[in-house]
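Breakdown of the fold
Each chain, written out:
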Amino acid sequence: MNMKKIIQELSPYIPEKPLQQLQEELGLEKIVRLSANENPYGTSPKVKEAVLNWNYDLSNRYPDSSAQELRNLVVEKFSLDPSQIVFGVGLDEVIVMLSRVFLQPGDEELVSVPTFSEYALHAEIEEAIIKKVATKENGQIDFSALLKNITAKTKLIWLCNPNNPTGTYETVSSIEKFVQQVPKETMVLVDEAYIDFVTEKTPATTMDLTKKYPNIVVMRTFSKAYGLANFRVGYAVFSSQVAGEVQKVRLPYNVSSIAQTAAIAAFKDQNFVEQVVAKNALERTKYEQFFQRLGLNFYHSQANFIFFETELAQDLAQTLLKSGYLLRTGLRPNWLRLSIGMPEDNIKIQQIIEDFFAKI
Ligand SMILES: *Cc1c(COP(=O)(O)O)cnc(C)c1O
């Protein structure tokens, strides 16, 4: 079969086993998934109400292509122009659209690693060249190393902020300083999937920079702080001229009405998000103190997960799994990514980790 060569070379994405199956295999009653940075507190109770009240008789009709109501809410919150926003089926789809619009075979994109793997995956599919620049020792982005790697072929530079998996946060001023040194033809893409969890700096977001620099894009999702991972809603904010071009590749009815309804209800309940953020920040501090006490190396996190190092990463992950806690392995040898769970689970996890090291 004559499919694109690159597709034949790609290794398929292997999703996690369904929890139900994993539970049965391990003979466990319950597994708490702390490997996907989902929101353990769920979503706003207003979402359930809105979804159940959704007009089922509209099932045979296509959704509002422009997601007008949701768009207006986002516009209002960040003082944007409605034409600046493009919605996607999760932020994942936004990453696909951006790769499709900006990358031609042979173009280059820069990523600061370790980071979210989707950026490189879609660049590969577009037959672009991925240049990886290592983060600094403390997990922060090495902006000067990124600048040194820009060539005439560099189309995209991905900045994940806070970064997945390191959890580290870059300030608005450091990103602005960086954008000012990047050629105008090179797009700087700021993935703010976890920005709501930042408590160290306010405002944390680079959203305002989209009004000043035509080559910056800021991306958001409803999957994390808003707790709507199953509904698949994300968006990107561009300068108005660029957004118009990206709209051309968006599938016209990508975000379903139920998903729009859920996102609207979640977005209107900022109080719920604030509570989630506060609880997460408290638990995050406790984890950092715990890792410090145990002498384990970790990156300072401003997200809803912590990335930490131990030579016994595989054994520890296995021990936690046997107790019903699933962590993310395989992102870097000897490192584990742990999504911050509910307080009662965090206490248990810390006890299991402490006992694990006490036995060695
Ligand atoms: C989870 C995540 C996304 C994807 O979010 P969806 O909206 O669920 O597709 C994007 N970027 C990063 C860094 C993420 O961790």
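Residues numbered from 1 in each chain as written. Predicted model: local features only at pLDDT ≥ 70, side-chain atom pairs only at ≥ 80, totals over all residues. Heavy atoms only, no water.

Heads up, the rule is: UniProt positions are given in the numbering used here, feature names are shortened, and annotations may be inferred rather than shown by experiment.
As recorded by an unreviewed UniProt entry, the protein carries the name Histidinol-phosphate aminotransferase and is attributed to Companilactobacillus futsaii JCM 17355. Of the protein, the UniProt comment under Catalytic activity (unreviewed entry) reads exactly: "L-histidinol phosphate + 2-oxoglutarate = 3-(imidazol-4-yl)-2-oxopropyl phosphate + L-glutamate".

**Description of the packing of aromatic side chains**
How we decide: Two aromatic rings, drawn from Phe, Tyr or Trp (for Trp, its six-membered ring), form a pair once their centres lie within 6.5 Å of each other, and the interplanar angle then sorts them: stacked below 30 degrees, edge-to-face above 60, tilted otherwise. Each residue is assigned to one of three classes by its accessible area relative to the maximum for its type, calculated with a 1.4 Å probe on protein chains only: buried under 20%, partly exposed between the two thresholds, exposed over 50%.
Counting across every chain of the model gives 18 aromatic pairs. The interplanar angle of 85° and the centroid separation of 5.1 Å between the aromatic rings of Phe356 and Phe357 together place this pair among those described as edge-to-face. We classify Phe356 as buried; its relative accessible area is 14%. Of the residues examined, Phe357 reaches a relative accessible area of 23% and is grouped as partly exposed.

**Some remarks on the sheet that holds strand β5 (residues 154–160)**
This is how it is decided: For two strands to be treated as a pair, DSSP must find at least two bridges joining them. In this description a helix means any DSSP run of H or I spanning at least four residues, a strand means any run of E spanning at least two, and both kinds are numbered starting from the N terminus. Think of each axis as a best-fit line through the C-alpha atoms, taken over the contacting stretch in the case of a helix, with angles from 0 to 180 degrees between the N-to-C directions.
Strand order in this open sheet of seven strands is β2-β8-β7-β6-β5-β3-β4, and the pairing throughout is mixed. The open sheet is flanked by β2 (85–88) and β4 (129–134), the only strands paired with a single partner. Neighbour-to-neighbour, the strand axes of the sheet open up by a mean angle of 20°, direction not taken into account. Direction of pairing for strand β3 (residues 108–113) relative to β4: parallel, over a ladder of six bridges. Bridging from a neighbouring strand, Val113 pairs with Ala134 of β4.

**What about the UniProt feature "modified residue: N6-(pyridoxal phosphate)lysine" (unreviewed entry) in the protein?**
As annotated in UniProt, the feature "modified residue: N6-(pyridoxal phosphate)lysine" (unreviewed entry) corresponds to Lys224 in the numbering used here. Position of Lys224 relative to the elements: it lies in the loop between β7 (216–221) and β8 (234–237).

**Remarks on the site of the ligand**
Cut-off, in case you're wondering: Whether a residue is near a molecule or strand is decided by its heavy atoms; if any one of them lies within 4 Å of it, the residue is near. Pairing of N or O atoms within 3.5 Å defines a polar contact, subject to two protein rules: one partner must be a possible hydrogen donor and the other a possible acceptor, and residues neighboring in sequence count only if both atoms are side-chain atoms. For the area figures, the Shrake-Rupley method with a 1.4 Å probe applies, and any residue is considered shielded solely by the protein chains shown. As a working rule, the residues Ala, Val, Leu, Ile, Met, Phe, Trp, Tyr, Cys and Pro are called nonpolar, Asp, Glu, Lys and Arg charged, and the rest polar, with Gly in that last group.
Residues in contact with the ligand amount to 14 residues; listed here are only the nearest, Leu91, Tyr194, Thr221, Ser223 and Lys224. Within the contact set of the ligand, an oxygen atom lies 2.9 Å away from a backbone nitrogen or oxygen of Asp92. Considered on its own, the ligand offers 380 Å² of accessible surface; in the complex 94% of this is hidden by protein. For the shell around the ligand, the element with the most residues is helix α5 (residues 90–102), which contributes three residues. Grouping the constituent residues of the shell around the ligand by class yields six nonpolar, four polar and four charged.

**Let's talk about the pairing of β8**
Going residue by residue along β8, you find Gly234 and Ala236 tucked away on one face and Tyr235 and Val237 tucked away on the opposite face as well. Summarising the sheet, β7 and β8 pair through four bridges and their orientation is antiparallel. Across the sheet, Arg220 pairs through a bridge with Tyr235, a residue of β8.

**Brief notes about the nonpolar core**
As a reminder, the rule being used: Residue types Ala, Val, Leu, Ile, Met, Phe, Trp, Tyr and Cys, when buried and joined through side-chain atoms within 4.5 Å, form a set referred to as a nonpolar core. In this document the domain limits rely on a domain assignment from an automatic tool or a database. Whether two residues are in contact is decided by their heavy atoms: any pair within 4.5 Å suffices.
Core analysis: the biggest nonpolar cluster contains 61 residues, and Phe87, Trp158, Met219, Phe222, Tyr235 and Phe238 have the highest contact counts within it. With seven residues, the top contributor of residues to this core is helix α10 (residues 257–268). Each of domain 1 (5–43 + 271–358) and domain 2 (58–269) contributes no fewer than three residues to this core. Discounting chain neighbours no more than four positions away, the residues touching Phe87 are Ser66, Ala67, Leu70, Arg71, Val74, Met97, Val233, Gly234, Tyr235, Arg250, Asn254 and Val255. Counting 22 residues, the second-largest nonpolar core is a separate cluster that includes Leu34, Phe308, Tyr325 and Leu338.

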